Amino acid sequence: MFVIISNYFQILQPQEVRKSLDTIIAFLQEKNRNETEFYENLFYFGMVILGYALLMGLFMFFMRQTIIVMSREIEYDLREDIFKHYTTLDPHFFKENKTGDMMARIVEDVSKVRMYLGPAIMYAVNILTLTLMTVYSMFSVNAKLAFWSLLPLPLLSITIYFISDIINKQSTKIQKQLSNLNNITQEVFSGIRVVKSYTREREISKYFDKATEHYRFLNLELARTDSFFSPLMFFIIGSSTLLTIYLGGLEVMAGRFTTGNIAEFILYIGKLTWPVTSAGWIASLIQQAAASQKRINEFMNVKSTIKFGKVQEIKNRDIVLDHVSFTYPGKTSPTLIDLNLKIPSGTKLAIFGRTGSGKTTLVDLLVRQYDPSEGKIMIGGIELSEMSNEVLRKTIAIAPQDGFLFSEKVKNNIIYPSSTRSQENIEQFAKQASIHEEILQLPNGYDTMIGERGVTLSGGQKQRIGIARALSVAPKVLILDDSLSAVDAKTEFAISQTLNEELYDQTLICCTHRIYQNIKFDNIIVLDGGKIVQEGTHEQLINEPGFYQNLWQSTQN
Ligand SMILES: Nc1ncnc2c1ncn2[C@@H]1O[C@H](COP(=O)(O)OP(=O)(O)O)[C@@H](O)[C@H]1O
Ligand SMILES: [Mg+2]
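Residues numbered from 1 in each chain as written. Chains lettered and ligands numbered in written order. Predicted model: local features only at pLDDT ≥ 70, side-chain atom pairs only at ≥ 80, totals over all residues. Heavy atoms only, no water.

1. Quick look at the sheet that holds strand β9 (residues 523–528)
And then number 1: An order of β6-β7-β8-β3-β9-β10 is seen for the 6 strands of this open sheet, with the pairing classed as mixed. A strand with exactly one partner marks an edge of an open sheet, and here the two such strands are β6 (396–399) and β10 (531–536). With direction set aside, neighbouring strand axes in the sheet form an average angle of 20°.
And then number 2: Pairing of strand β7 (residues 477–481) with strand β8 (residues 507–512) involves 5 bridges; the strand directions are parallel. By the bridge assignment for β8, Val 477 is matched with Thr 507.
And then number 3: On the sheet, helix α10 (residues 359–366) packs against β3 (348–352), β6, β7, β8 and β9 and is oriented at approximately 150° with respect to β8. (Pairing = 2+ DSSP bridges. Helix = DSSP H or I, 4+ residues; strand = E, 2+ residues; numbered from the N terminus. Axes fitted to C-alpha atoms, helices over the stretch in contact; angles between N-to-C directions. Contact = heavy atoms within 4.5 Å.)

Below, the structure written as structure tokens:
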């Protein structure tokens, strides 16, 4: 409605211009001129035109307020929905899809949908009503002249449609090449140590040079098309104006038309320029938005395969694996085969095996990154899938091998996201993970920023912050997934002491490819090719022929 009202006032303007021009001409031709009446008239027309402009502006303001604001709100909701949806999806989704794609959905595609909901709808309604109203006014003034002066405009529309198609294709290519450049730069900078130590600077520069060269070429191509665009547009509009003046002049001489009418018509054509030139652009906005929404829907329709149950309490923490097998989605052969295992509450278990034997996969099942393909995993007699997310997370915590840290303060990495826990508690967890002393030596202690905006920590330090983070949830079951692999012998000993003495009543599951003598394991399983091949205590295993014994003997010499 606002669009229509605003355009109505816009269309009234040329008519007033015609009237005022005709008044001036009539005045000039009069014999005994009444100057006062003439100036009063001019003043009146001036005020009316100004008034129409103001009204048009006012309703245009309402129109933008309504639709643009609405589109921003929807953009916000949509972005929020997609992000929330991502966070509910299982790890498999994040492995399957490129980070760049997921980001594109949330950044570019949402923006494109907004361009449709806001500007595209607004302009589409706007140009449609403006065109109809203008054309109607023109035909009601003089049909023949209207026909001739409108004749070049469809031609303009068609040319613009083809040119914008070319521009679109070229822009897409440029966009692709730009993200290619981004990727190259990012990879070179993250791998700068390798680049430098193998003196690959020159090759890399050449490679980059080629990519930027191509980027420049594509941009010049676009500039060429662009520079063709405006002159062509003005040429066609100019010819339309020319036709109006010529044919209009003939009409005036024949007495069917006034001079004011010519001015009126030129203004009408001026008003049509914008709808005609932007129709193609709007059509492409709509097409792009449709493609974007389709891509967004594809992700929104993915549902997490991991669904949590309702059980809020578990009686004991005995963990039981009952004929558990697991095959990664999309893989044909199983990674874990028929595992049977009991981990009584408060005991310490080592999962021993070489790289690729399935240790990480096994603990991932325990924290429900994946669900077993066959068999059951139970804690206190309750299957994992029946437990609520909160209970599971409070019961089991995992310190992964790579020890991922966020670009945040050290303390917020231990307790993430930052909660109300006091500094003392944070320090206690850091002490248990034997990282406290080293944190104090950082420039700002626990407030030191980590990552891109701050200090870089060593692999072992990251691992221990990961352990402190796992300890911070005070889990009943602590899983260390190879998270002592980058820690030196002295620190390893200190952590072992903590695990043996301070955390004696917690269940410990420790994945390792090394033999930790300092930790008193109640049970050790040896995993090979996804099967449990041996099980027993350290003393039993060193006396049984096998991988464990081999490794033990080699370390004894
Ligand atoms: N996300 C995954 N998708 C498919 N296969 C995987 C995935 N993660 C690990 N694997 C495969 O599962 C096997 C066991 O890996 P993993 O559990 O990481 O072993 P470990 O932790 O003992 O080194 C390996 O052969 C590995 O290639
Ligand atoms: Mg592993």
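2. Structural notes on the site of ligand 1
And then number 1: Not every one of the 13 residues close to ligand 1 is listed here, only the nearest: Gly 356, Gly 358, Lys 359, Thr 360 and Thr 361.
And then number 2: For ligand 1, a nitrogen atom lies 3.3 Å from a polar atom in the side chain of Lys 331.
And then number 3: Contact with the protein chains removes 67% of the 550 Å² of surface that ligand 1 exposes when unbound. (Near = heavy atom within 4 Å. Polar contact = N/O pair within 3.5 Å; in protein donor to acceptor, adjacent residues only side chain to side chain. Areas by Shrake-Rupley, 256 points an atom, 1.4 Å probe, with all protein chains shown as cover.)

3. What to know about the packing of aromatic side chains
And then number 1: For the structure on display, the rule yields 25 aromatic pairs.
And then number 2: Aromatic pair Phe 2 and Phe 62: ring centres 5.3 Å apart, planes at 40°, arrangement tilted. Of the two residues, Phe 2 sits in helix α1 (residues 2–29) while Phe 62 sits in helix α2 (residues 35–88), which places them 60 residues apart along the sequence.
And then number 3: A residue is classified by how much of its surface remains accessible, and Phe 62, at 30% relative accessible area, is partly exposed.
And then number 4: Arranged with centres 5.8 Å apart and planes meeting at 80°, the rings of Phe 59 and Phe 62 form a pair that is edge-to-face. Separated by 3 residues within a single helix, Phe 59 and Phe 62 lie in helix α2, roughly one turn from each other.
And then number 5: On the accessibility criterion, Phe 59 (16% relative accessible area) is buried. (Phe/Tyr/Trp six-rings, centres within 6.5 Å; stacked < 30°, edge-to-face > 60°. Buried < 20%, exposed > 50% of the residue type's maximum accessible area, 1.4 Å probe, protein only.)

4. Some words on the pattern of salt bridges
And then number 1: In the structure shown here, the tally under the stated rule is 17 salt bridges.
And then number 2: Close ionic contact of Asp 109 with Arg 105 constitutes a salt bridge, the shortest N to O distance being 2.7 Å. Note that Asp 109 and Arg 105 are positioned in helix α4 (residues 99–141) at a spacing of 4 residues, about one turn of the helix. The exposure classification of Asp 109 matches that of Arg 105, with both residues buried.
And then number 3: In this structure, Asp 447 and Lys 411 form a salt bridge, with 3.0 Å as the shortest nitrogen-oxygen distance. Linking Asp 447 in the loop between α14 (436–440) and α15 (459–472) with Lys 411 in helix α12 (residues 410–414), this pair joins segments that are 36 residues apart in sequence.
And then number 4: The class of Asp 447 is partly exposed, set by a relative accessible area of 35%.
And then number 5: Since its relative accessible area comes to 23%, Lys 411 is described here as partly exposed.
And then number 6: Residues joined by salt bridges that share partners form a network here, namely Arg 72, Glu 75 and Arg 79. (Salt bridge = Lys/Arg side-chain N within 4 Å of Asp/Glu carboxyl O.)

5. Observations concerning the domain arrangement of the protein chain
And then number 1: Examined at the domain level, the protein chain breaks down into domain 1 (1–142) and domain 2 (319–556).
And then number 2: A C-alpha centroid distance of 61 Å is found between domain 1 and domain 2. (Domains from an automatic or database assignment.)

6. Thoughts on helix α5 (residues 143–150)
And then number 1: Looking only at α5, the buried set comprises Leu 145, Ala 146, Ser 149 and Leu 150. Here the buried residues of α5 occupy an arc of 120° about the axis, which is enough to place them on one side.
And then number 2: In this structure, the buried residues of α5 make contact with α4, α6 (152–190), α8 (201–254) and α9 (259–300).
And then number 3: You can read the cap of α5 off the contacts: a side-chain oxygen lies 3.2 Å from the backbone nitrogen of Lys 144, and it is on Asn 142. (Arc of directions from axis to C-beta.)

7. Quick word on the sheet that holds strand β5 (residues 382–383)
And then number 1: Pairing in this open sheet of 4 strands is antiparallel, and the strands run β2-β1-β4-β5 from one edge to the other. Every other strand in the sheet has two partners, leaving β2 (336–343) and β5 as the edge strands with one partner each.
And then number 2: Where strand β4 (residues 374–379) and β5 come together, 2 bridges link them in antiparallel fashion. Bridge assignment links Met 378 to a residue of β5, and that residue is Glu 383.
And then number 3: This element, α10, spans β1 (319–326), β2 and β4 of the sheet and lies at about 120° to β1.

8. Focus on unusual backbone geometry
And then number 1: Phi angles above zero are rare outside glycine, and Thr 199 is one such case at about 40°.
And then number 2: Look at Thr 199 and you get exposed, because its relative accessible area is 57%.
And then number 3: Although it is not a glycine, Ala 474 adopts a positive phi angle of roughly 50°.
And then number 4: Looking at the secondary structure, you find Ala 474 in the loop between α15 and β7.
And then number 5: Residue class for Ala 474 comes out partly exposed when judged on its relative accessible area of 42%.

9. Some remarks on the environment of Lys 359
And then number 1: Its location among the elements puts Lys 359 in helix α10.
And then number 2: Taking the relative accessible area as the measure of exposure, Lys 359 reaches 5% and is therefore buried.
And then number 3: As a C-alpha pair, Lys 359 and Cys 511 span 152 residues in sequence and 6.2 Å in three-dimensional space.
And then number 4: Residue contacts for Lys 359: discarding those within four places in its chain leaves Ile 351, Phe 352, Gly 353, Arg 354, Asp 482, Cys 511, Thr 512 and Leu 527.

10. Description of the packing of α6 against α8
And then number 1: It is at 9 Å that the axes of α6 and α8 come closest, and there the two elements cross at 165°. Classed by the angle they form, the pair α6 and α8 counts as roughly antiparallel. The way α6 lies across α8 gives a crossing that is left-handed.
And then number 2: Grouping the constituent residues of the contact of α6 with α8 by class yields 26 nonpolar, 11 polar and 3 charged. (Parallel < 35°, antiparallel > 145°, perpendicular 65-115°, else oblique. Left-handed = near helix turned anticlockwise from the far one by under 90°. Nonpolar A, V, L, I, M, F, W, Y, C, P; charged D, E, K, R; others polar.)

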